[in-house]
Amino acid sequence: MNTIQTVGIIGSGTMGNGIAQACATSGMRVIMVDIAQAAVDKGLATIAGSLDRLIKKEKLTSEAKAQALALIRGSTNYEDLKSAQLVIEAATENEGLKIKILQQLDTLLAPDVIVATNTSSISITKLAAATQRPDRFIGMHFFNPVPMMALVEIIRGLQTSDATHAAVKAMAEALGKSPITVKNAPGFVVNRILVPMINEAFFVLAEGSATAEDIDAGMKLGTNQPIGPLALADMIGLDVCLAVMNVYMAEFNDSKYRPAPLLKEMVAAGWLGRKTGRGVYTY
């Protein structure tokens, strides 16, 4: 398979513009597509601001910034994706929307183009089955903020070919990432371990075993995590944590994934974390 030199990205939001920045700073050409010009412009502005911060930290030169921006082309036209060897769909985490986009790509892209989806929860096997290129379909779960985080979970659907996996793994490594390969299952690897850990912290808090501050301090100091599970829940959004636990409960049908009653109660109160000014902690 040819080396991937041009990457199409659908969606210019947080994940889309982060992936675009990572590709461009690694010397790949990028076509970043969104439905509205305002969204594309906002994505491009976010990338420029992010590169400026790297210049301030002396991790990037002004020349490198100019080179990276010159490699990114913003567009509202799907036709512009035709020159890409890999197209990464990074639209909102909504199965119906993703399937609609993927089917649109099928009619447009040459048969040998690889299509990847950036998802943290939707079945790769199911999305692949909705396309006309299931063997050339794969999951790439980037972590936020994309330019800083070394991990990419590469998720193989049941149908993904070895050649597709090899090409995408090589591309992730060319971005300076450290990819791990994962089979398709709810939550893949990282979130499947992480979110139940957060959920368990809510059980411990509700039982009064320790204060929120002490639970977080214990996990930071005892397991070398940069942030405690309850503070992380506030960052992610308690509603998001609850939604993920509900998916695991439904998909695995195993009581170990039952959401903590305190988590449900706080979501019902509208205490969703940083975004509402109050969660486990007050902001």
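All chains use their own residue numbering, which begins from 1 and follows the written sequence. Only residues with pLDDT of 70 or above have their local features reported here, since the model is predicted, and side-chain atom pairs are shown and tallied only from 80 upward, although totals for entire chains, interfaces and linings are computed over all residues. Calculation of side-chain values draws on the structure's entire complement of heavy atoms; hydrogens and water are dropped beforehand.

Visitor: What is the right way to read the environment of Ile 114 from this model?
Guide: Only DSSP runs of H or I covering at least 4 residues are called helices, and only runs of E covering at least 2 are called strands; the numbering of each starts at the N terminus. Assignment of secondary structure puts Ile 114 in strand β5 (residues 114-117). With relative accessibility at 2%, the residue Ile 114 sits in the buried group. Remark: the alpha-carbon pair of Ile 114 and Asp 135, spanning 21 residues in sequence, is separated by 8.8 Å. Think of it in three bands: residues with accessible area under 20% of the maximum for their type are buried, residues over 50% are exposed, and the middle band is partly exposed, with areas taken using a 1.4 Å probe on protein chains only.

Visitor: Can you help me understand the pattern of salt bridges in this one?
Guide: Oppositely charged side chains are able to pair whenever their charged atoms sit close together. Salt bridge, as used here: a side-chain nitrogen of Lys or Arg that lies within 4 Å of a carboxyl oxygen of Asp or Glu. Here the structure, examined in full by the defined rule, presents 11 salt bridges. A salt bridge links Asp 80 to Arg 73; the shortest N-O distance between them is 3.1 Å. Here Arg 73 falls in the partly exposed class, since its relative accessible area comes to 44%. Arg 136 is paired through a salt bridge with Asp 135; the nearest N and O atoms lie 2.7 Å apart. Each of Glu 89, Glu 93 and Lys 98 takes part in salt bridges that share partners, so that together they form one network.

Visitor: Is there a simple way to think about helix α9 (residues 229-236) in this case?
Guide: A turn of α-helix holds 3.6 residues, and therefore any two residues three or four places apart point the same way. Most of α9 is tucked away, with six of its eight residues classed as buried. Among the residues of α9, Pro 229, Leu 230, Ala 231, Leu 232, Ala 233 and Asp 234 are the ones counted as buried. Two residues or fewer past α9, Gly 237 is found with a positive phi of approximately 110°.

Visitor: Could you clarify how one ought to interpret the side chain of Lys 177 in this entry?
Guide: Residue position: Lys 177 is located in the loop between α6 (162-174) and β8 (178-183). Notably, Lys 177 is buried but unbridged: the nearest opposite-charge side chain belongs to Glu 173, and the N-O separation is 13 Å. Within the structure, Lys 177 has its side chain in polar contact with the backbone oxygen of Val 146 (distance 2.6 Å). Apart from residues lying up to four places away in sequence, Lys 177 is in contact with Ala 22, Val 146, Pro 147, Met 149, Ala 150, Val 152 and Ala 172. Within this scheme the basic residues Lys and Arg register as positive and the acidic residues Asp and Glu register as negative, but His and the chain ends are omitted. Under the rule applied, a polar contact is a pair of N or O atoms within 3.5 Å (in protein, one hydrogen donor and one hydrogen acceptor; residues adjacent in sequence only if both atoms are side-chain atoms). Any two residues whose heavy atoms approach within 4.5 Å at even a single point are treated as in contact.

Visitor: Explain the packing of aromatic side chains here, please?
Guide: One pair of aromatic rings is described through two measures. These are the centre distance and the angle between the planes. Two aromatic rings from Phe, Tyr or Trp, using only the six-membered ring of Trp, form a pair when their centres are within 6.5 Å; if the ring planes differ by under 30 degrees the pair is stacked, by over 60 it is edge-to-face, and anything between is tilted. This structure, assessed with the given rule, holds three aromatic pairs. A ring pair is formed by Tyr 248 and Phe 252, whose centres lie 6.2 Å apart and whose planes are at 65°; its orientation type is edge-to-face. Linking Tyr 248 with Phe 252, this pair stays in helix α10 (residues 238-252), spanning four residues, or about one helical turn. Judged by its relative accessible area of 26%, Phe 252 falls in the partly exposed class. Relative to Tyr 257, the ring of Phe 252 lies with its centre 5.0 Å away and its plane at 25°, an arrangement referred to as stacked. Assessed through its relative accessible area of 4%, Tyr 257 is described here as buried. Joined through ring pairs, the aromatic side chains of Tyr 248, Phe 252 and Tyr 257 make up one cluster. Remark: a charge is flagged as sitting over a ring if the NZ atom of Lys or the CZ atom of Arg is within 6 Å of the ring centre and within 35 degrees of the ring normal. Looking at Arg 278, its charged tip hangs above the ring of Trp 271, at a distance of 3.5 Å from the centre.

Visitor: What should I look at first to understand the nonpolar core in this one?
Guide: One broad trend across soluble globular proteins is that nonpolar side chains are buried collectively. In this structure, Val 7, Leu 86, Ile 88, Met 140, Phe 142 and Met 171 are the most contacted members of the largest nonpolar core, which totals 34 residues. Considering every element that reaches this core, the biggest residue donor is helix α1 (residues 14-25), with six residues. Other than its neighbours up to four places away in sequence, Met 140 contacts Leu 86, Ile 88, Ala 116, Thr 117, Asn 118, Thr 119, Val 152, Glu 153, Ile 155, Val 168, Met 171 and Ala 172. What we call a nonpolar core is a set of buried Ala, Val, Leu, Ile, Met, Phe, Trp, Tyr and Cys residues that are connected through their side-chain atoms within 4.5 Å. One finds Ile 101, Leu 102, Ile 124 and Val 182 within the second-largest nonpolar core, a separate group that totals 23 residues.

Visitor: Just checking my understanding: could you explain the layout of surface pockets for this structure?
Guide: Think of a ball as big as a water molecule: rolled over the atoms, this probe shows where empty space is left. Using protein atoms alone on a 1 Å grid, points that fit a 1.4 Å probe yet trap it form a cavity, whereas open point sets bounded by protein on both sides within 12 Å along at least five of seven lines form a pocket; residues with an atom within 4 Å of a point count as lining. Grid points are joined across faces, edges and corners, and a volume is the space filled by probe spheres set on the points. Taken as a whole, the second largest pocket spans an internal volume of roughly 230 Å³. As for the second largest pocket, its lining consists of 14 residues, and the residues nearest its centre are Gln 21, Ser 50, Arg 53, Pro 145 and Pro 147. At the level of elements, α1 and α2 (37-56) are the ones that each hand at least two residues to the lining of the second largest pocket. For this scheme, ten residues count as nonpolar: Ala, Val, Leu, Ile, Met, Phe, Trp, Tyr, Cys and Pro. Four count as charged, namely Asp, Glu, Lys and Arg, and the remainder, Gly too, count as polar. When grouped by side-chain class, the residues that make up the lining of the second largest pocket number five nonpolar, seven polar and two charged.

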